[in-house]
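Each chain, letter by letter, is given below.
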Amino acid sequence: MNSGILLTVYGREDCHLCHDMIAALEAFQPEYRFALEVVDVDEDEILERQYGHLVPVLAGNGEKICHYHLDPVALAAYFGKIR
């Protein structure tokens, strides 16, 4: 169902902002057609140092799109740039 586009949410298991961002992203999947990967930063020391204080962080192809809350404008801009 996706077009080969993978978005990654860097977050934590017990993070309500992370769960909120994932739920909001799932609502956009029919429109933008992307796969979603969730990575727990606490399972990787490097990721924890890089993103730990910013979670959740949404990234696509190594580029940070937004953090803390889903930014629909930033998401649309990202897809406008890659398509």
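Criteria and thresholds
Residues numbered from 1 in each chain as written. Predicted model: local features only at pLDDT ≥ 70, side-chain atom pairs only at ≥ 80, totals over all residues. Heavy atoms only, no water. Helix = DSSP H or I, 4+ residues; strand = E, 2+ residues; numbered from the N terminus. Buried < 20%, exposed > 50% of the residue type's maximum accessible area, 1.4 Å probe, protein only. Polar contact = N/O pair within 3.5 Å; in protein donor to acceptor, adjacent residues only side chain to side chain. Core = buried A, V, L, I, M, F, W, Y, C linked by side-chain atoms within 4.5 Å. Contact = heavy atoms within 4.5 Å. Phe/Tyr/Trp six-rings, centres within 6.5 Å; stacked < 30°, edge-to-face > 60°. Patch = residues over 30% accessible without salt bridge, like charges linked within 9 Å, V, L, I, M, F, W, Y side chains within 5 Å. Areas by Shrake-Rupley, 256 points an atom, 1.4 Å probe, with all protein chains shown as cover. Salt bridge = Lys/Arg side-chain N within 4 Å of Asp/Glu carboxyl O. Lys, Arg positive; Asp, Glu negative; His and termini not counted. Charge placed at Lys NZ, Arg CZ, Asp CG, Glu CD. Disulfide = S-S within 2.5 Å.

Caption draft 1: Representation of the side chain of threonine 8. If you trace the backbone, threonine 8 turns up in strand β1 (residues 6-11). By relative accessible area, threonine 8 is classed as buried at 8%. Engagement of the side chain of threonine 8 in a polar contact is seen with the side chain of glutamate 37, the distance being 2.8 Å.

Caption draft 2: A look at the nonpolar core. Of all hydrophobic cores here, the largest spans 16 residues; its most connected members are Leu7, Leu25, Leu58, Leu75 and Phe79. When residues of this core are traced back to their parent elements, those giving at least two are β1, α1 (16-32), β4 (63-67) and α3 (72-82). Setting aside residues up to four positions removed in sequence, leucine 25 forms contacts with Leu7, Val9, Phe34, Leu36, Leu58, Leu70 and Leu75. Judged by nonpolar contacts, the second largest core, of 11 residues, contains Tyr10, Val41, Leu47 and Val57.

Caption draft 3: Quick look at the packing of aromatic side chains. In this structure the tally under the stated criterion is 5 aromatic pairs. When the centroid spacing of 4.4 Å and the interplanar angle of 20° are considered together, the rings of tyrosine 10 and tyrosine 51 count as stacked. Residue tyrosine 10 is located in strand β1, and its partner tyrosine 51 is located in helix α2 (residues 45-51); the two are separated by 41 residues in the primary sequence. The exposure class of tyrosine 10 is buried, given its relative accessible area of 16%. The structure contains a cluster of three or more aromatic residues connected by ring pairs, namely Phe28, Tyr32, Phe34, Tyr78 and Phe79.

Caption draft 4: Structural context of a negative patch on the surface. A surface patch of negative charge is lined by Glu13, Asp14, Glu43 and Asp44. Along the chain, the position of glutamate 43 falls in the loop between β2 (35-40) and α2.

Caption draft 5: Up close: the state of the cysteines. The tally for this structure, following the rule as stated, stands at 1 disulfide. Cysteine 15 shares a disulfide with cysteine 18; S-S distance 2.5 Å. Here the S-S torsion is close to 80°, and the disulfide linking cysteine 15 with cysteine 18 is therefore right-handed. Each member of the pair, cysteine 15 as well as cysteine 18, carries the same accessibility label: buried. No disulfide involves cysteine 66; its nearest neighbouring cysteine sulfur is the one of cysteine 18, lying 12 Å away.

Caption draft 6: Structural context of unusual backbone geometry. The amide bond that connects valine 55 to the next residue, proline 56, takes the cis arrangement and shows omega of -5°. With respect to the secondary-structure elements, proline 56 resides in the loop between α2 and β3 (57-60). Located in the positive-phi region is asparagine 61, a residue other than glycine, with phi close to 55°. Note on asparagine 61: relative accessible area 77%, which makes it exposed.

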